[in-house]
Amino acid sequence: MEKVVIIGSGCAGLTAALYTARANLKPLVLTGKQPGGLLTTTTIVENYPGFPEGVDGFELMNRLQKQAERFGARVKFGVVESADLSQEPFLLTVDGETVQTETIIIASGAGHKHLGLESEHKLENKGVTYCATCDGALPIFRNKPLVVVGGGDSACEEAMYLTRFGSEVYLIHRRDKLRASKIMAERALAHAKIKPVWDSVITDVLDVKLDKVTGVRVKNLKTEQESVIDCAGVFVAIGHTPNTQIFRGVIDMDEVGYIIPRRGSATNVPGVFVAGDCSDRVYRQAVTAAGLGCAAAIDAERFLAARNE
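To keep things clear, this report deals only with the structure shown in the data block. Because the structure is predicted, anything quoted here is derived from the model rather than measured.

Some points on the sheet that holds strand S16 (residues 226–230)
Part 1: Pairing is antiparallel across the open sheet formed by three strands, whose spatial order is S14-S15-S16. Only two strands of the sheet have a single neighbouring strand rather than two, namely strand S14 (200–206) and S16. Each neighbouring strand pair of the sheet contributes to a mean axis angle of 30 degrees, computed without reference to strand direction.
Part 2: Strand direction decides the pairing type here: strand S15 (residues 215–220) and S16, joined by five bridges, are antiparallel. Within S16, the position partnered with Lys219 by the bridge is Glu226.

A closer look at the side chain of Thr20
Part 1: Positionally, Thr20 belongs in helix H1 (residues 11–22).
Part 2: A relative accessible area of 0% places Thr20 in the buried class.
Part 3: Among the polar contacts listed, one links the side chain of Thr20 to the backbone oxygen of Ala16, at a separation of 2.7 Å.
Part 4: Residues in contact with Thr20, not counting those within four places in the same chain, are Val4, Ile6, Leu25, Lys26, Pro27, Ile105 and Ala297.

What to know about the pairing of S14
Part 1: By the criterion of burial, S14 is predominantly enclosed, with five of the seven residues buried.
Part 2: Note: S14 against S15, six bridges, orientation antiparallel. Bridge assignment links Val205 to a residue of S15, and that residue is Val216.

A short note on the pattern of salt bridges
Part 1: Considering all chains together, one arrives at 16 salt bridges under this definition.
Part 2: The closest approach of N and O atoms between Arg74 and Glu2, which form a salt bridge, is 2.5 Å. Of this pair, Arg74 sits in strand S5 (residues 74–76) while Glu2 is found in strand S1 (residues 2–7), placing the two residues 72 residues apart along the sequence.
Part 3: Residue Glu2 is classed as buried on the basis of its relative accessible area of 16%.

Some thoughts on the environment of Thr98
Part 1: Inspection of the secondary structure puts Thr98 in strand S8 (residues 97–106).
Part 2: When its relative accessible area of 57% is taken as the criterion, Thr98 is described as exposed.
Part 3: With 16 residues separating them along the chain, Thr98 and Ser82 place their C-alpha atoms 9.6 Å apart.
Part 4: Those residues in contact with Thr98, other than ones at most four positions away along the chain, are Leu91 and Leu92.

Some details on the packing of H1 against helix H2 (residues 57–70)
Part 1: H2 packs onto H1 with a crossing angle of 20 degrees between their chain directions and a minimal axis gap of 8 Å. Of the possible angle classes, the one that applies to H1 and H2 is roughly parallel. Considering only the axes of H1 and H2, their crossing is left-handed. Touching Cys11, Leu14, Thr15, Ala17, Leu18 and Ala21 of H1 are Met61, Leu64, Gln65, Gln67 and Ala68, all from H2.
Part 2: In the contact of H1 with H2, the residues fall into eight nonpolar, three polar and no charged.

Conventions we followed
The residue numbers shown here count from 1 along each chain, following its written sequence. The predicted nature of this model means local features are confined to residues of pLDDT at least 70 and side-chain atom pairs, given and counted, to a pLDDT of 80 or more, with totals for whole chains, interfaces and linings taken over all residues. Here the side-chain values reflect all heavy atoms present in the structure, with hydrogen atoms and water set aside. When DSSP finds two or more bridges between two strands, those strands count as paired. Helix numbers and strand numbers start at the N terminus; a helix is a DSSP run of H or I with at least 4 residues, a strand a run of E with at least 2. To obtain an axis, a line is fitted to C-alpha atoms, over the contacting stretch when the element is a helix, and the angle between two such axes runs from 0 to 180 degrees between their N-to-C directions. Any residue under 20% of the maximum accessible area for its type is buried, any over 50% is exposed, and the rest in between are partly exposed; the area is computed with a 1.4 Å probe on protein chains only. Definition of a polar contact: a pair of N or O atoms within 3.5 Å, with one able to donate and the other able to accept a hydrogen when the atoms are protein atoms, and with sequence-neighbouring residues admitted only if both atoms are side-chain atoms. We call two residues in contact whenever any of their non-hydrogen atoms come within 4.5 Å of each other. Think of a salt bridge as a Lys or Arg side-chain nitrogen and an Asp or Glu carboxyl oxygen that are within 4 Å of each other. We call two directions roughly parallel when the angle between them is under 35 degrees, roughly antiparallel when it is over 145, roughly perpendicular when it lies between 65 and 115, and oblique otherwise. Left-handed is the label given to a crossing in which the near helix is rotated counterclockwise from the far helix by less than a right angle, and right-handed is the label when the rotation is clockwise. The nonpolar class holds Ala, Val, Leu, Ile, Met, Phe, Trp, Tyr, Cys and Pro. Asp, Glu, Lys and Arg form the charged class, and all remaining residues, Gly among them, are polar.

Below you can see the structure in the form of structure tokens.
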């Protein structure tokens, strides 16, 4: 019987592990398919406090895991296939085996939606990225033309942010107007550096042979015409998918799948808490995920303490 099982091993999950381990709860961390979470897919992280020179994303998560393990956290590679929250203790099926636990912290994160192009995949971290706030300030993007794909608030925010670094920002959207809120759309389109490319999709990211982004091939959906836009970076901002499918119908979540906490980090199921990107559709930063992981750990610790009084 576990006291705390943490689902996910990104910033939220490992910070929750650190705090619950220091509270002597001996947490079990289940890594999921991507140990270390999305941060391990970025190269240099320049905006995590305490690293003035920046830190490699994989290295940061490795350090955080070692820190949690030092206090007694156990990190196990495993994917939660199903969860029975209808009884106590809760029952998790992890790679075919059953794990019983008094509390659960869901820190399963969210995955970036991709364009689905082979060239996109091959040039990931070589000019293709999914977070302007994380990567926009990198030297490879400075004073170069950049591309943002998307039409929502996130895409507009990414484009606005990138105007600080890029020489110009092409905002490519498959429709003839943005989906973003009126104020965000107006702000983005009014900026001198942002150039909208309407009714268009990217059909290829160039240049895999050079092992870096040099441009994109774009197709106009109305005219069927193709053209090439030269750029040093492609920022894909077409949304996220929270990794919460196994809790659908049991844990309260919005229409997209982001978990909605009730009070603090507590969900609608007593003893189940949430932290990080699977409940955060606004900030999605490493430092905010870590803070939410800390909050969930404290809430879980207090829940167990009250139960055992």
